[in-house]
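The residues making up each chain are set out below.
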Amino acid sequence: MMKKNVICPFCGCLCDDLGITIEDGKITGVDNGCSLAKAKFLRKERLQSPVIRRGNETIQTGYEEAVTYAAEILNNAQRPLFFGWSGTQGEAQAKGVHLCMLLGGVIDNTSSLCHGPSIMGIQEVGHPGCTLGQVKNRADLIIYWGCNPLESHPRHMSRYTTYADGFFLKNAFRERKLIVVDVRKTMSSDIADEFIQIEQGGDYAVLSALRAMVRGEDEIIPDMVSGVSKSQLKRIVEMCKGAKFGALFFGLGLTMSRHKYKNIRNAVELTEELSRHTKFTISPMRGHWNVYGANEVFTWMTGYPYAVDFAKGIPFYNPGETTAADILFRKECDALMIVSSDPAAHMPKKCVEHMANIPVIHIDPHKNCTSFFSDIQIPVAITGIEASGTAYRMDGVPLRTKKIIETDFPTDTDIISRIYEKIQEMRNSV
Ligand code: SF4
């Protein structure tokens, strides 16, 4: 049996044209998916039942015992931290926010390690963005800044930019110009019409120089700006001003390098200045498939997109203080619940060291680096494959991911709801 138009729950592109072959209740083939999608849909290995760590041993247990154990850990904590959320559905994210509110904890999602600075920049100066459909149909100039989509989002170019013919661009590959800005050559830069190789940490200076040149202030620009020649900058400005519709996409090379959110502010302001000459938009290349959804759900429930602290009974947001890495670094939290994420693989050593010293609850279908630090891991259904749920594409368009095969595993929404109810029971019985 073939299921058509399946949404891929891997990266922020949320490609919705996959064909999935199912035989005897198992996935045996993936059409249209990139190598990342195939790895996700065809992955066989998974955790089969909840496991509790006792010393150096892990012991299998049942779901009821696992939920009770997790509830006890959280109920006994003074300052629980809830982290992850970008690899699950909006419904589970909403339950997580409710659980955090109940316990007066801190809830953060993985955007604090990736596009949190993008959000801070956008909070300062706004977001002149658009949908990926607009880009596909209209954009005749694409800029990828600090990202390598051919490897991180393998179908971004074929569905929306370089290789995607659109309503107003019948032969996109020839009609659309491509500029790549990065500190090193990549697969994406190899196919660019212009590759701007900047010095590490030089993004802010190059953005500022481009803005000045867009305003016609060429005379104040030196011959070289962070490794880029003035003549190349001039050429880029002419390409941008000459485009009918330009779309700038940026990645972690911009958000997580020197100047962080100020880079994003500068890039947004460059976009706005270019829009005085033509039409220009800017969009973050969101990584995890529903990290945008985590920002949306947190915002409509708490007013803030990530790093929300309920210790005072009301939501408080201060990136750098209430972000998960900072709380772990300061050894401030005394329990950690992780949903669909692997912070042990991505956070600084000091944060991971604190994870090893506090009780950790891990809700995830698969073992990963964080499993080795978890006091309890509860496997769940894989959202978008074994459970349906709402996700937001990288351009903010909400889509409904499908359940395409049956499973006996509970969803993470179920597990979080059961932990919430168990804590309420515990509190009511005191
Ligand atoms: S580009 Fe992203 S969403 Fe599309 S198939 Fe590949 S991993 Fe899935």
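Computed from a predicted structure; not experimentally measured.

The rules behind these values
- Residues numbered from 1 in each chain as written.
- Predicted model: local features only at pLDDT ≥ 70, side-chain atom pairs only at ≥ 80, totals over all residues.
- Heavy atoms only, no water.
- Helix = DSSP H or I, 4+ residues; strand = E, 2+ residues; numbered from the N terminus.
- Contact = heavy atoms within 4.5 Å.
- Areas by Shrake-Rupley, 256 points an atom, 1.4 Å probe, with all protein chains shown as cover.
- Lys, Arg positive; Asp, Glu negative; His and termini not counted.
- Charge placed at Lys NZ, Arg CZ, Asp CG, Glu CD.
- Core = buried A, V, L, I, M, F, W, Y, C linked by side-chain atoms within 4.5 Å.
- Buried < 20%, exposed > 50% of the residue type's maximum accessible area, 1.4 Å probe, protein only.
- Axes fitted to C-alpha atoms, helices over the stretch in contact; angles between N-to-C directions.
- Parallel < 35°, antiparallel > 145°, perpendicular 65-115°, else oblique.
- Left-handed = near helix turned anticlockwise from the far one by under 90°.
- Phe/Tyr/Trp six-rings, centres within 6.5 Å; stacked < 30°, edge-to-face > 60°.
- Lys NZ or Arg CZ within 6 Å of the ring centre and 35° of its normal.
- 1 Å grid on protein atoms, 1.4 Å probe; cavity = no way out; pocket = protein on both sides within 12 Å on 5 of 7 lines; lining within 4 Å.
- Points joined across faces, edges and corners; volume = space filled by probe spheres on them.
- Nonpolar A, V, L, I, M, F, W, Y, C, P; charged D, E, K, R; others polar.
- Near = heavy atom within 4 Å.
- Sits in = over half its atoms within 2 Å of the grid points.
- Expected span 1.5 Å × (residues − 1).
- Pairing = 2+ DSSP bridges.

Trainee: Help me out: how do you make sense of the overall build of the chain in this one?
Mentor: If you tally the helices and strands in the chain, you get 18 helices and 21 strands. The principal-axis extents of the C-alpha atoms in the chain amount to approximately 75 × 50 × 35 Å. Taking contacts inside the chain between residues at least 6 apart in sequence as the whole, the part at least 24 apart equals 67%. Carbon and sulfur atoms make up 50% of the accessible area of the chain, which amounts to about 18,000 Å² in all. Here the chain contributes 49 positively and 49 negatively charged side chains, and the mean placements of these two sets differ by 3 Å.

Trainee: I would appreciate a short explanation of the nonpolar core in the present structure.
Mentor: Grouped burial of nonpolar side chains is what soluble globular proteins tend to show. Counting 40 residues, the largest nonpolar core has Met337, Ile363 and Ile419 as the members making the most contacts within it. If one sorts the elements of this core by residue count, helix 2 (residues 63-76) sits on top with seven residues. Discounting residues that sit within four places of it in the chain, Ile419 has contacts with Val67, Ala70, Ala71, Leu74, Leu99, Met337 and Ile363. Counting 35 residues, the second-largest nonpolar core is a separate cluster that includes Cys8, Met157, Phe249 and Ile385.

Trainee: In this structure, what is going on with the packing of helix 3 (residues 90-103) against helix 18 (residues 412-428)? I would like to understand it.
Mentor: What describes two packed helices is the angle between their axes and the distance between those same axes. Closest axis-to-axis distance for the helix 3/helix 18 pair is 8 Å, and the angle between their directions is 20°. Relative to helix 18, the element helix 3 lies roughly parallel. Crossing geometry of helix 3 relative to helix 18 is assigned as left-handed. Between helix 3, through Glu91, Ala92, Lys95, Gly96, His98, Leu99, Leu102 and Leu103, and helix 18, the contact on the second element is made entirely by Asp412, Thr413, Ile416, Ser417, Ile419, Tyr420, Ile423, Gln424 and Arg427.

Trainee: Help me understand the environment of Asn137 in this model?
Mentor: Residue position: Asn137 is located in helix 5 (residues 132-138). Since its relative accessible area comes to 28%, Asn137 is described here as partly exposed. For Asn137 and Phe168, which are 31 residues apart along the polypeptide, the C-alpha to C-alpha distance reads 5.6 Å. Those residues in contact with Asn137 that sit more than four places away from it in its chain are Gly166, Phe167, Phe168, Leu169 and Arg176.

Trainee: Which parts of the structure should I look at to understand the packing of aromatic side chains?
Mentor: Remark: the centre distance and the inter-plane angle together describe each pair of aromatic rings, the angle taken between the planes. Taken as a whole, this structure holds six aromatic pairs when the rule is applied. Residues Tyr163 and Phe173 carry aromatic rings whose centres are separated by 5.4 Å and whose planes lie at 15° to one another, so their mutual orientation is stacked. Within this pair, whereas Tyr163 is found in the loop between helix 7 (156-160) and helix 8 (172-175), its partner Phe173 is found in helix 8, the two being separated by 10 residues in sequence. We classify Phe173 as partly exposed; its relative accessible area is 48%. Linked through ring pairs, Tyr304, Tyr306 and Tyr317 together constitute an aromatic cluster. A cation over a ring is seen here: Arg54 above Tyr69, with NZ or CZ 5.6 Å from the ring centre. One residue, Lys312, lies across the ring of Phe316, its end atom 4.6 Å from the ring centre.

Trainee: Even after reading the chapter, I still don't get empty space enclosed by the protein, so can you show me in this structure?
Mentor: Taking a probe equal in size to a water molecule and rolling it over the atoms shows the remaining empty space. In this structure the tally under the stated criterion is two cavities of 30 Å³ or more. When its residues are assigned to classes, the lining of the largest cavity shows 11 nonpolar, two polar and one charged. Of the voids in this model, the second largest cavity is the one considered here, and its volume is about 70 Å³. When contributions to the lining of the second largest cavity are tallied by element, the ones reaching two or more residues are strand 8 (141-145), strand 9 (177-182), helix 10 (203-214), helix 11 (230-242) and helix 13 (260-274). The greatest single-element share of the lining of the second largest cavity, amounting to three residues, is contributed by helix 11. Within the lining of the second largest cavity, the residues separate by chemical class into 12 nonpolar, no polar and no charged.

Trainee: Would you mind going over the site of the ligand with me for this structure?
Mentor: Looking at the ligand, the residues that line it are Cys8, Phe10, Cys11, Cys13, Leu14, Cys15, Cys34, Leu36, Ala37, Pro154 and Arg155. According to the grid-proximity analysis, the pocket containing the ligand is the largest cavity. The residue makeup of the shell around the ligand, split by class, is 10 nonpolar, no polar and one charged.

Trainee: I'm lost on helix 14 (residues 291-302) in this one. Help?
Mentor: Because an α-helix completes one turn every 3.6 residues, residues spaced three or four positions apart along the sequence face the same direction. The end-to-end C-alpha distance of helix 14 is 16 Å, a good match for the 16 Å that 12 residues give at a rise of 1.5 Å each. Counting buried residues in helix 14 gives nine out of 12 residues, a clear majority hidden from the surface. Every buried residue of helix 14 is accounted for by Val291, Tyr292, Gly293, Ala294, Asn295, Val297, Phe298, Met301 and Thr302. Count one or two residues on from helix 14 and you reach Gly303, which has phi positive near 95°.

Trainee: I keep staring at the layout of surface pockets and nothing clicks. Help me out?
Mentor: Of the pockets and cavities examined, the largest pocket occupies roughly 1,100 Å³. Taken together, 40 residues form the lining of the largest pocket, with Phe10, His288, Trp289, Ser340 and His346 sitting closest to its centre. Taken together, the elements giving at least two residues each to the lining of the largest pocket come down to helix 1 (35-42) and helix 16 (343-346). Of the residues forming the lining of the largest pocket, the biggest block, three residues, is contributed by helix 1. Of the residues contributing to the lining of the largest pocket, the split by class is 17 nonpolar, 17 polar and six charged. In this structure, the second largest pocket spans a volume of roughly 400 Å³. Surrounding the second largest pocket, 21 residues form its lining, Lys26, Arg43, Arg46, Glu386 and Ile405 being those nearest its centre.

Trainee: Which parts of the structure should I look at to understand the pairing of strand 20 (residues 389-392)?
Mentor: Side chains on a regular strand alternate between the two faces of the sheet. Summarising the sheet, strand 20 and strand 21 (residues 398-401) pair through four bridges and their orientation is antiparallel. Bridge pairing in strand 21 links Gly389 to Thr401. Turn length for the strand 20-strand 21 hairpin, with the two strands adjacent in sequence and antiparallel, is five residues, and the turn residue Gly396 shows positive phi of about 85°.

Trainee: Please explain the pairing of strand 14 (residues 279-284) as it appears in this structure.
Mentor: In terms of burial, strand 14 is largely enclosed, as five of its six residues are buried. In terms of strand pairing, strand 13 (residues 245-250) meets strand 14 through six bridges, oriented parallel. Along strand 14, the bridge assignment pairs Phe245 with Lys279.

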